[in-house]
Amino acid sequence: MPDYIFYTDSYLGEDIPEQEFDRYARRAQRKLNHYQQVFCVTPRPGVPDAEDNALCAIADAMYEFDAEDARRGFASQSVGSVSETYTAPAELSATTLYLREAYFRQVAGDFLLMQRGVRHG
């Protein structure tokens, strides 16, 4: 699994704070492990450190989606001198979840080949 130095120096990531990187990298590793059970996953030819780069890409996407979800819970309203702020839980539709999952596969696919319909035993 890549470390934060790989994330910043090789992958050139800059969004995930160092203190949160390990958590996102572990989540990304679980996602990649799932892909390896469902698809035939191989490094793209000529891509060095393909799996580590794919993990960083998935982790970046997870971090951005979490930040987006956090922003969705806030709404503000001002009328004259009265200002109110409400929070609501972020509710994600099935379509949003499906599109996010597709995006994880897409960013991993920049570094890895994933053949559909081929399962590992």
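Everything discussed here concerns the structure shown above.
This write-up is about the structure you can find in this document. (Residues numbered from 1 in each chain as written. Predicted model: local features only at pLDDT ≥ 70, side-chain atom pairs only at ≥ 80, totals over all residues. Heavy atoms only, no water.)

## Observations concerning the nonpolar core
In terms of nonpolar packing, the biggest core is built from 28 residues, with I16, Y35, I58, F104 and L112 touching the most fellow members. Put simply, the parts of the chain that give this core at least two residues each are helix 1 (4–10), helix 2 (18–38), helix 3 (50–72), helix 4 (94–109) and strand 4 (112–115). Counting residues per element, this core draws most heavily on helix 3, which supplies 11 residues. Every residue in contact with Y35, bar those within four places of it in the chain, is listed here: V41, I58, E101, F104, R105 and M114. (Core = buried A, V, L, I, M, F, W, Y, C linked by side-chain atoms within 4.5 Å. Buried < 20%, exposed > 50% of the residue type's maximum accessible area, 1.4 Å probe, protein only. Helix = DSSP H or I, 4+ residues; strand = E, 2+ residues; numbered from the N terminus. Contact = heavy atoms within 4.5 Å.)

## Digging into a negative patch on the surface
Residues D3, D9, E18 and D22 make up a contiguous surface patch of negative charge. By secondary structure assignment, the location of D3 is in the segment before helix 1. (Patch = residues over 30% accessible without salt bridge, like charges linked within 9 Å, V, L, I, M, F, W, Y side chains within 5 Å. Areas by Shrake-Rupley, 256 points an atom, 1.4 Å probe, with all protein chains shown as cover. Salt bridge = Lys/Arg side-chain N within 4 Å of Asp/Glu carboxyl O. Lys, Arg positive; Asp, Glu negative; His and termini not counted. Charge placed at Lys NZ, Arg CZ, Asp CG, Glu CD.)

## A closer look at unusual backbone geometry
Phi at L12 is positive, roughly 70 degrees, even though this residue is not glycine. Looking at the element boundaries, L12 is found in the loop between helix 1 and helix 2. One non-glycine residue, D49, lies in positive phi territory at about 50 degrees. Mapped onto the secondary structure, D49 falls in the loop between strand 1 (40–43) and helix 3.

## Comments concerning the side chain of D69
Looking at the secondary structure, you find D69 in helix 3. Given a relative accessible area of 18%, D69 falls into the buried group. Within the structure, the side chain of D69 is placed 2.7 Å from the side chain of R100, a separation counted as a polar contact. (Polar contact = N/O pair within 3.5 Å; in protein donor to acceptor, adjacent residues only side chain to side chain.)

## Side note on the packing of aromatic side chains
One pass over the structure, following the stated rule, counts nine aromatic pairs. A centroid spacing of 6.1 Å and a plane angle of 50 degrees characterise the contact between Y35 and F39, whose relative ring orientation is tilted. Between the aromatic rings of F65 and Y103, the centroid separation amounts to 5.9 Å while the plane-to-plane angle is 75 degrees, which identifies the pairing as edge-to-face. Taken together, the residues span a long stretch of sequence, with F65 in helix 3 and Y103 in helix 4 at a distance of 38 residues. On the basis of relative accessibility, which here comes to 16%, the residue F65 falls in the buried class. Using a relative accessible area of 37% as the deciding quantity, one classes Y103 as partly exposed. (Phe/Tyr/Trp six-rings, centres within 6.5 Å; stacked < 30°, edge-to-face > 60°.)

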